[in-house]
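Descriptive analysis of the structure
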Amino acid sequence: MHLFNVRCHPPLNNKKKKKKARCSNLFPVSFGAPNMEPSHNSVVRTPLNSVIVQRRSKTKSYRQSYRSCLGAASRLGLTPALTARRLNTSRRAPKSHNISEKVNPEHLALLLKTEWKLSYVSPLYKFRHTQLKSYSRQLSAYIAAEKQQGLAVEVEGLQSGFRVALSVVQGLTETDDDAETVLIQIHANPLFARQDEPQRSVWSGWLTCINGNTDYLHSLPKDFTCLPLFGCSGSEYLSGLVKSWFQQTFDCCFGPLEINHTSLQWLVALWTNCHTESSIQHLKMIWTLPVVPPVQITYTVNPQDAWELWCSVRTGQQKENEEEEGGSSIDIKEVMRLMQGLKGHFFRHFRLDLSAGSLRQVTTALGSAKCNGRIKISNSRYMITTLTLLTECALLKMPI
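Residues numbered from 1 in each chain as written. Predicted model: local features only at pLDDT ≥ 70, side-chain atom pairs only at ≥ 80, totals over all residues. Heavy atoms only, no water.

**Some remarks on the environment of Q340**
Positionally, Q340 belongs in helix α10 (residues 332-350). Separated by 14 residues in the primary sequence, Q340 and L354 place their C-alpha atoms 9.4 Å from one another. (Helix = DSSP H or I, 4+ residues; strand = E, 2+ residues; numbered from the N terminus.)

So, in structure tokens, the structure goes:
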């Protein structure tokens, strides 16, 4: 029998003592005051359908070209505003991928140790993986020009001498339709650097497409490359410059990519499903309830308890999936049953219905995801699973 503490924090201007309660339970939970922070050698390829063609009139942007393929894309249920499709209601259960044998260790270490801020990116016009060295020089010159005009400022104690490197993260693809992931790194000299001191990495980012929707990718005009998921880490100002250069060079647009309530619930299920192969160590969820002042609840579940609950949800359904599809898959109904089990357990003990609130963050040993679009992947074996879901989210967010 596990014990847990419940800590109820009153509003910040309330000087009453904290209340504590202790009872028998399997799930540790804590209530808190609202958060004050703002809520190596493979052939490099561009997808087969990305062949060089003569560009149309400069006034015809990607949006006009993109609308021309609406007939092909209409079967996806696209609307003139945002895509009307929803997240897949069924997806394959996570499988362990030993990508460390295929991906450059330095690239993999960077991808795993960093928390990334996510954005979606519309298709890139005439982007070529074979031109990355040229793009590196162009982006370096762009940043230098902005600084010369007095628009770029010192970044975190670093000054002039920005150097940009675009490279391919080889081995991080799943299908032939996926374009190779592109890594972007910006280096700069320390403010008081010695002559022989190497430059430091001050900003990193990447563009990727993992298991992108095949119908969507095939519906694009041939001169567009789809790398819809963008992650960045570093100065917001440098992020803005990189996005601006990409927009001007490849006629694309960027937008913020939040991870909504449903996607976070999917991550709860997908990561819990990995427990027997790679221990999730804990399942931590942060919820907010719409009261005044807002209440933030941290709900931490013992990994074995979460696994047993998940197994009870999967009983019977898993065999049907294996027989029908030749492999294990997870249905949205199972995800909802898992969440209802967790919320029901919570309600029985505290008479608080989490269904009235919103899931804001999910954390396990495999990674963490926040509703504001911040993601950290901590286990390379399940990176493909996580990026597949996020790629789907980016494609759905993209405007026509």
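Now, onward.
**Looking at the pattern of salt bridges**
Counting across every chain of the model gives four salt bridges. Residue K370 pairs with E115 through a salt bridge whose shortest N-O separation is 3.4 Å. Highlighted residues: K370 in strand β17 (residues 367-370) and E115 in the loop between α3 (105-113) and β5 (116-121), separated in sequence by 255 residues. Among the residues examined, K370 registers a relative accessible area of 23% and is labelled partly exposed. Residue classification places E115 among the partly exposed positions, given a relative accessible area of 29%. (Salt bridge = Lys/Arg side-chain N within 4 Å of Asp/Glu carboxyl O. Buried < 20%, exposed > 50% of the residue type's maximum accessible area, 1.4 Å probe, protein only.)

**Details of the confidence of the model for the chain**
Confidence in the prediction for the chain averages 78 pLDDT; 70% of positions are at 70 or higher. Per-residue pLDDT stays below 50 along residues 32-43; that stretch engages in 20 contacts with residues further than four places along the chain or on separate chains. Confidence drops under pLDDT 50 across residues 48-84; counting only partners more than four residues distant or on other chains, this segment forms 67 contacts. (pLDDT = per-residue confidence, 0-100. Contact = heavy atoms within 4.5 Å.)

**Concerning the packing of aromatic side chains**
Scanning all chains against the criterion turns up 14 aromatic pairs. Between F230 and F254 the ring centres are 5.2 Å apart and the planes differ by 80°, which places this aromatic pair in the edge-to-face class. Residue F230 is found in strand β11 (residues 229-234), and its partner F254 is found in strand β12 (residues 254-256); the two are separated by 24 residues along the sequence. Measuring from ring centre to ring centre gives 5.6 Å for F246 and F250, while their planes differ by 40°; the resulting arrangement is tilted. Of this pair, F246 and F250 both sit in helix α6 (residues 236-250), separated by four residues, roughly a single helical turn. For the pair F246 and F250, a shared accessibility class is recorded, and that class is buried. A connected cluster of aromatic rings, assembled from ring pairs, spans F127, Y135, W203, F230, W245, F246, F250 and F254. (Phe/Tyr/Trp six-rings, centres within 6.5 Å; stacked < 30°, edge-to-face > 60°.)

**A word on the pairing of strand β14 (residues 295-301)**
Side chains on a regular strand alternate between the two faces of the sheet. With five of seven residues buried, β14 is to be regarded as a mostly interior element. Strand direction decides the pairing type here: strand β13 (residues 283-289) and β14, joined by seven bridges, are antiparallel. Bridging from a neighbouring strand, W287 pairs with I297 of β14. A loop of five residues connects β13 with β14, the two strands running antiparallel in sequence. (Pairing = 2+ DSSP bridges.)

**Regarding the nonpolar core**
Residues L172, I184, F246 and M285 are the most contacted members of the largest nonpolar core, which totals 101 residues. Counting residues per element, this core draws most heavily on helix α11 (residues 383-397), at nine residues. The contact partners of F246, leaving out residues within four places of it in the chain, are F127, L166, I184, L207, D251, C252 and F254. (Core = buried A, V, L, I, M, F, W, Y, C linked by side-chain atoms within 4.5 Å.)

**Section: the pairing of β13**
For β13, the buried fraction is high: five of the seven residues fall into the buried class. With five bridges joining them, β13 and strand β16 (residues 358-364) adopt antiparallel strand pairing. Looking at β16, one finds that T288 is bridged to S358.

**Overview of unusual backbone geometry**
The step from V292 to P293 runs through a cis peptide bond, and the omega angle for that step is -5°. By secondary structure assignment, the location of P293 is in the loop between β13 and β14. Notably, K126 is not glycine yet its phi reads approximately 55°, a positive angle. Within the secondary structure layout, K126 lies in the loop between β6 (124-125) and α4 (132-148). The partly exposed category is assigned to K126, whose relative accessible area is 28%.

**Side note on empty space enclosed by the protein**
Here the largest cavity is characterised by a volume of approximately 90 Å³. In terms of lining residues, the largest cavity is bounded by L111, W116, L172, T181, W206, T208, I375, I377, M383 and L387. Listed by contribution, the elements that provide at least two residues to the lining of the largest cavity are β9 (200-208), β18 (374-377) and α11. Residues of the lining of the largest cavity, tallied by class, amount to eight nonpolar, two polar and no charged. (1 Å grid on protein atoms, 1.4 Å probe; cavity = no way out; pocket = protein on both sides within 12 Å on 5 of 7 lines; lining within 4 Å. Points joined across faces, edges and corners; volume = space filled by probe spheres on them. Nonpolar A, V, L, I, M, F, W, Y, C, P; charged D, E, K, R; others polar.)

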